[in-house]
Amino acid sequence: FETGALAEVERLAHLALTTDLAPDINVRWLNLLAFCLALQGKPTEALAVFTQLARLQPGEASHRINLGNACLEAGHPREASEAFEQARKLGAEGVAYLLGHGLSLMACAQFEPASERLADAHALEPEAIDVRLAYAQCLSELENFDAVGKLVGQLPEAGLVRDQQAVLAWLLAQAGFDERATALYRRLIETDPGATHLRVQLALLLERLNRLDDARALLANEPDNAEARDAMSFLAHGRLGRRGGDVERATSLLEQGLEVAAEGAMQAQLQFELAKCHDQAGDPDACMATLSAAHTQAAVAFAQRFPQVSQQDV
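Basis of the calculations
Residues numbered from 1 in each chain as written. Predicted model: local features only at pLDDT ≥ 70, side-chain atom pairs only at ≥ 80, totals over all residues. Heavy atoms only, no water. Helix = DSSP H or I, 4+ residues; strand = E, 2+ residues; numbered from the N terminus. Contact = heavy atoms within 4.5 Å. Areas by Shrake-Rupley, 256 points an atom, 1.4 Å probe, with all protein chains shown as cover. Lys, Arg positive; Asp, Glu negative; His and termini not counted. Charge placed at Lys NZ, Arg CZ, Asp CG, Glu CD. Salt bridge = Lys/Arg side-chain N within 4 Å of Asp/Glu carboxyl O. Buried < 20%, exposed > 50% of the residue type's maximum accessible area, 1.4 Å probe, protein only. Phe/Tyr/Trp six-rings, centres within 6.5 Å; stacked < 30°, edge-to-face > 60°. Expected span 1.5 Å × (residues − 1). Arc of directions from axis to C-beta. Patch = residues over 30% accessible without salt bridge, like charges linked within 9 Å, V, L, I, M, F, W, Y side chains within 5 Å. 1 Å grid on protein atoms, 1.4 Å probe; cavity = no way out; pocket = protein on both sides within 12 Å on 5 of 7 lines; lining within 4 Å. Points joined across faces, edges and corners; volume = space filled by probe spheres on them. Nonpolar A, V, L, I, M, F, W, Y, C, P; charged D, E, K, R; others polar.

**Q** Looking at this structure, how should I read the overall build of the chain?
**A** A count of helices and strands for the chain gives 18 helices and zero strands. The principal-axis extent of the C-alpha atoms belonging to the chain is close to 75 × 50 × 35 Å. Within the chain, contacts between residues separated by at least 24 positions form 49% of all contacts whose residues are at least 6 apart in sequence. Here the chain displays about 16,200 Å² of accessible surface, and carbon together with sulfur accounts for 51% of that area. Side chains of the chain carry 26 positive and 44 negative charges; the gap between the two charge centres is 3 Å.

Below, the structure written as structure tokens:
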């Protein structure tokens, strides 16, 4: 395991687990197998083993933390949040627990409680890059951009892995470090021209800076089939289309984006942009109806970010 021979470790673990082992030895092999599967990029298989461990030792908080991380990796944020909550009840503490619980809550759009966990993690390890970036992402969702800037404004790209640099570029753009964000995006895209999501994010930043030709050039070679696009991509293409005067195509793109966007902030952005298209096309009734839908989705986004305030309003 320590030398990275993970396939061999997996084979040995499966072999060992077919024998009659003492319970504590069995748990140790299961632990080793679960981490080995996770490190090999087999999240579903790792999740099954971590689930087995949690059942074997229901009072062990570390199993719940590992299960929560495995759920996150497998794309099950709600189950992850439940696992971390169980870990909390079992006395879990420390950065590993706080970071995992914060990430799972953020993935469930529960940004206020997520920020509390991540703030505690950051207080314990203020120099930990993964903690700082996660906390900054959560604060960005809460639109506390001044705090985001303080967390990442002076953070150097050197030493960060590519995924961390991509997160940093987005956060720099959100916090108003436009030129630095643009330069970092360009470097990332240069080393991976097929990174469509980075192109879309940079295009939206350049559109905001009124560098429309640069933004269009970034998206010129993006696949035109709807299946290859997510909601943010539809927003970028629709916004640039409207600003270029192609209102009919922009309207179609934005409507397609609404079909795939989750409730809340992205739906609101698409609806507001679509309202501009209807206004530009001279259709005031459609514009007003779309604005009403946009405000409804904006209220959903606000309730996701600030549930306590929303409940008081009700």
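**Q** Could you clarify how one ought to interpret the pattern of salt bridges in this entry?
**A** Two side chains of opposite charge can pair, provided their charged atoms sit close to one another. In the structure shown here, the tally under the stated rule is 17 salt bridges. A salt bridge links Arg88 to Glu85; the shortest N-O distance between them is 2.5 Å. Here the residue Arg88 and the residue Glu85 both occupy positions in helix α5 (residues 77-89), the gap between them amounting to three residues, near one helical turn. For Arg88, a relative accessible area of 38% translates into the label partly exposed. With a closest N to O distance of 3.8 Å, Glu127 and Arg132 form a salt bridge. Three or more residues are tied together by salt bridges with common partners; here these are Glu207, Arg239, Arg242, Arg243 and Glu273.

**Q** Is there a simple way to explain the packing of aromatic side chains in this structure?
**A** Pairs of aromatic rings are described using the distance from one ring centre to the other and the angle between the two planes. By the definition in use, this model includes two aromatic pairs. Summarising the aromatic geometry, the rings of Phe35 and Phe50 are spaced 5.3 Å apart at their centres and angled 80° between planes, so their arrangement reads as edge-to-face. A residue pair is termed long-range when its members are at least 10 positions apart, and Phe35 in helix α2 (residues 23-39) and Phe50 in helix α3 (residues 43-56) qualify at 15 residues. Plain terms: the ring middles of Phe302 and Phe306 are 5.0 Å apart, the flat faces sit at 50° to each other, and that makes the pair tilted. Judged by relative accessible area, which is 22%, Phe306 ranks as partly exposed.

**Q** Even after reading the chapter, I still don't get helix α11 (residues 178-191), so can you show me in this structure?
**A** Since one α-helical turn is 3.6 residues long, residues separated by three or four positions face the same way. The end-to-end C-alpha separation of α11 is 20 Å, in line with the 20 Å expected for 14 residues at 1.5 Å each. Looking at α11, one finds that the buried residues are Asp178, Ala181, Thr182, Leu184, Tyr185, Leu188 and Ile189. Down the axis of α11, the buried set is contained in an arc of 170°. They therefore lie on one face. Seen from the open side of α11, the exposed residues pointing more than 90 degrees away from its buried face are Glu179, Glu190 and Thr191. Close packing links the buried residues of α11 with α10 (162-174), α12 (196-208) and α13 (212-219).

**Q** Is there a simple way to explain the environment of Tyr135 in this structure?
**A** In this fold, Tyr135 is placed in helix α8 (residues 129-141). Excluding residues within four positions of it along the chain, Tyr135 makes contact with Ser115, Leu118, Ala119, His122 and Leu151.

**Q** Which parts of the structure should I look at to understand the side chain of Gln297?
**A** Tracing the backbone through its elements, the reader meets Gln297 in helix α17 (residues 284-305). Those residues in contact with Gln297 that sit more than four places away from it in its chain are Glu263, Gly264, Gln267 and Ala268.

**Q** Explanation requested: a nonpolar patch on the surface in the structure shown.
**A** Residues Phe1, Phe35 and Leu39 make up a contiguous nonpolar surface patch of about 290 Å² in total accessible area. Turning to its location among the elements, Phe1 is positioned in the segment before α1 (6-17).

**Q** What's the story with helix α15 (residues 247-260) in this structure? I'm lost.
**A** Between the first and last C-alpha of α15 there are 20 Å, a value that for 14 residues agrees with the 20 Å anticipated at 1.5 Å per step. Among all positions of α15, only Val247, Ala250, Thr251, Leu253, Leu254, Gly257 and Leu258 are buried. The buried side chains of α15 occupy one side of the element, clustering within an arc of 165° when seen end-on. Structural note: α15 exposes Glu248 and Glu259 on the side pointing more than 90 degrees away from its buried face. Contacts from the buried residues of α15 go to α14 (231-243) and α16 (265-280).

**Q** Looking at this model, I keep getting lost on the layout of surface pockets. Mind explaining?
**A** Over the atoms rolls a probe the size of a water molecule, and in doing so it shows where empty space is left. Its volume calculated, the largest pocket comes out at about 1,700 Å³. Ser140, Glu141, Trp170, Gln174 and Met232 are the residues nearest the centre of the largest pocket, which is lined by 48 residues in total. Every element with two or more residues in the lining of the largest pocket is listed here: α6 (95-107), α8, α10, α12, α14, α16 and α17. Its residues assigned to classes, the lining of the largest pocket comprises 29 nonpolar, nine polar and 10 charged.

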